[in-house]
Amino acid sequence: MISNDINKASEIIRGGGLVAFPTETVYGLGANALDCNAVAKIFEAKERPTFDPLIVHISDINDIALLSTQKSDFISILAKKFWPGPLTMVLEKSDIVPDLVTSGLNTVGVRMPDNAIALELISTSGCPIAAPSANKFGRISPTKAEHVQKQLPFLECILDGGSTKIGIESTVIRIHDDGFQILRNGFITEADLAEFVPKSNKTDVNEVELASPGLLKSHYSPEKPVYIKGNIPVEIDYSKAAYLSFYGEDIHKYKIVEYLSKTQNLTEAAANLFTALHKLEEADCEYIIADTVPLIGIGKAIMDRLSKASYRFLNSNLKSV
Ligand code: TXA
Ligand code: MG
């Protein structure tokens, strides 16, 4: 049920239940990160086929010390610069963090979200909150309370914070001794980070990390085919297609046009991406044809999400994924 009652939501969290809540990126599906049974309910609700590491959300920078034993100046430099904000740092975990949260990894993803409702929920609950995006596994991430309601209608409490500001998930980085390594692109770019901390020489992503959904090739997917310009099957009937537009080219040949941005603004495009995909999933069209956007700044994160949304439709043997 969609609600504005943060006190009730924090009672649910303290009682081991689930609450969906807004962040500045996408809505999260939260549970007490230190309560294994509560965290298990997240996987059940999302129908995640495998256990993948969850991001733990905090409301106070000092809580890093509760969750992580890693000692590195890079951590506080980045936390002070980018938190609250869309940056997740993967750090060596402390014993207090249940293995279910980290999928058995010895690292934990931590972030402090830049959203007043999220921060109040965490502080009122009195515990860090583990939360993946509040969608069914592999589906489009929610940027409005209504998107959560549609995919997870059985939830007792979905805190309403309107449309999320950024609209695309946080940048996930691993902190190594020699600097940071990007595990998932997001709003904060490599160049933003490199102003404060060196880029690590490590380029490999280990197997378990690869198994996590942010790094899967197919993800964020609507129920109807998504094709990206340059990779459109020849037999497409454009009169049945929706155009997810960045450049506004040949708009008349499509049945529906939904703009990521009318002014080729990448930040605006990121904020509109999942909202537009949700809308087109419901709309009267058979396919979604998306523009490519420039791979500059947050454009990388947008193309990453679009490629994953379209991946299964380019590979017929993956149709049932
Ligand atoms: O913006 C966001 O990050 C949103 C909001 C709700 O905070 N959350 C989110 O969570 O996108 P989720 O579960 O959909 O994606 C979390 C990603 C995983 O795909 C995984 O790649 C990475 O974070 N991750 C988390 N913990 C990790 C760890 N210990 N090692 C490697 N990757 C990790
Ligand atoms: Mg997700």
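Nothing here was measured: the structure is a model prediction, and the numbers come from that model.

A. Main features of the pattern of salt bridges. Counted according to the given criterion, the structure contains 18 salt bridges. Between Asp114 and Lys165 there is a salt bridge whose closest N-O contact spans 3.3 Å. Within this pair, whereas Asp114 is found in the loop between β6 (107–111) and α6 (116–125), its partner Lys165 is found in the loop between β8 (158–159) and β9 (171–176), the two being separated by 51 residues in sequence. Residues Glu190 and Lys199 are paired through a salt bridge, measuring 3.7 Å at the closest nitrogen-oxygen approach. Overall, the relative accessible area of 32% leaves Glu190 in the partly exposed class. Given the relative accessible area of 47%, Lys199 is considered partly exposed.

B. Examining the domain arrangement of the protein more closely. By domain assignment, the protein separates into domain 1 (2–208) and domain 2 (226–319). Measuring from the centre of the C-alpha atoms in domain 1 to the corresponding centre in domain 2 gives 27 Å. Of all residues in domain 1, Ile140, Ile168 and Asn185 bury the most surface against domain 2, accounting for 36% of the area lost on that side. At the junction of domain 1 and domain 2, the tally comes to four salt bridges. Lys150 is paired through a salt bridge with Glu281; the nearest N and O atoms lie 3.7 Å apart. Here domain 1 is connected to domain 2 by seven residue pairs in polar contact (both at pLDDT 80 or more). In terms of residues, the side of domain 1 that touches domain 2 owes the most to one element, helix α7 (residues 145–151), which gives three residues.

C. Expanded view of the side chain of Thr275. By the secondary structure assignment, Thr275 is in helix α10 (residues 266–282). Look at Thr275 and you get buried, because its relative accessible area is 18%. Contact partners of Thr275, with chain neighbours within four places excluded, come to Thr143, Lys144 and His147.

D. Just the packing of helix α1 (residues 6–14) against α6, in detail. Put simply, α1 and α6 touch, their axes get as near as 9 Å, and they point 50° apart. When the interaxial angle is binned, α1 and α6 end up oblique. The crossing of α1 and α6 is right-handed. For the pair α1 and α6, contact is made by Ile6, Asn7, Ala9, Ser10, Ile13 and Arg14 and by Ile117, Glu120, Leu121, Thr124 and Ser125, respectively. Of the residues that constitute the contact of α1 with α6, the class distribution is five nonpolar, four polar and two charged.

E. Region of interest: the pairing of strand β5 (residues 87–92). The buried fraction of β5 is high, at five of six residues. Sheet topology note: the β5/β9 ladder contains four bridges and is parallel. Across the sheet, Met89 pairs through a bridge with Ile173, a residue of β9. Sheet analysis places β5 next to β6, joined by four bridges and oriented antiparallel.

F. Highlighting the packing of aromatic side chains. Under the defined criterion, the tally for this structure stands at five aromatic pairs. Ring geometry for Tyr227 against Tyr287: centres 6.3 Å apart, planes inclined by 50°, an arrangement best described as tilted. With a gap of 60 residues between them, Tyr227 in strand β11 (residues 226–228) and Tyr287 in strand β14 (residues 287–290) connect regions that are remote in the sequence. Judged by relative accessible area, Tyr227 falls into the buried class, the value being 9%. Its relative accessible area of 16% is what places Tyr287 among the buried residues. Taking the centre distance of 5.1 Å and the plane angle of 85° together, the rings of Phe246 and Tyr247 count as edge-to-face. These aromatic residues form a ring-pair network of at least three members: Tyr238, Tyr243 and Tyr254. One residue, Lys253, lies across the ring of Tyr238, its end atom 4.4 Å from the ring centre.

About the cut-offs
- Residues numbered from 1 in each chain as written.
- Chains lettered and ligands numbered in written order.
- Predicted model: local features only at pLDDT ≥ 70, side-chain atom pairs only at ≥ 80, totals over all residues.
- Heavy atoms only, no water.
- Salt bridge = Lys/Arg side-chain N within 4 Å of Asp/Glu carboxyl O.
- Helix = DSSP H or I, 4+ residues; strand = E, 2+ residues; numbered from the N terminus.
- Buried < 20%, exposed > 50% of the residue type's maximum accessible area, 1.4 Å probe, protein only.
- Domains from an automatic or database assignment.
- Buried area = accessible area lost by both parts, 1.4 Å probe.
- Polar contact = N/O pair within 3.5 Å; in protein donor to acceptor, adjacent residues only side chain to side chain.
- Contact = heavy atoms within 4.5 Å.
- Axes fitted to C-alpha atoms, helices over the stretch in contact; angles between N-to-C directions.
- Parallel < 35°, antiparallel > 145°, perpendicular 65-115°, else oblique.
- Left-handed = near helix turned anticlockwise from the far one by under 90°.
- Nonpolar A, V, L, I, M, F, W, Y, C, P; charged D, E, K, R; others polar.
- Pairing = 2+ DSSP bridges.
- Phe/Tyr/Trp six-rings, centres within 6.5 Å; stacked < 30°, edge-to-face > 60°.
- Lys NZ or Arg CZ within 6 Å of the ring centre and 35° of its normal.

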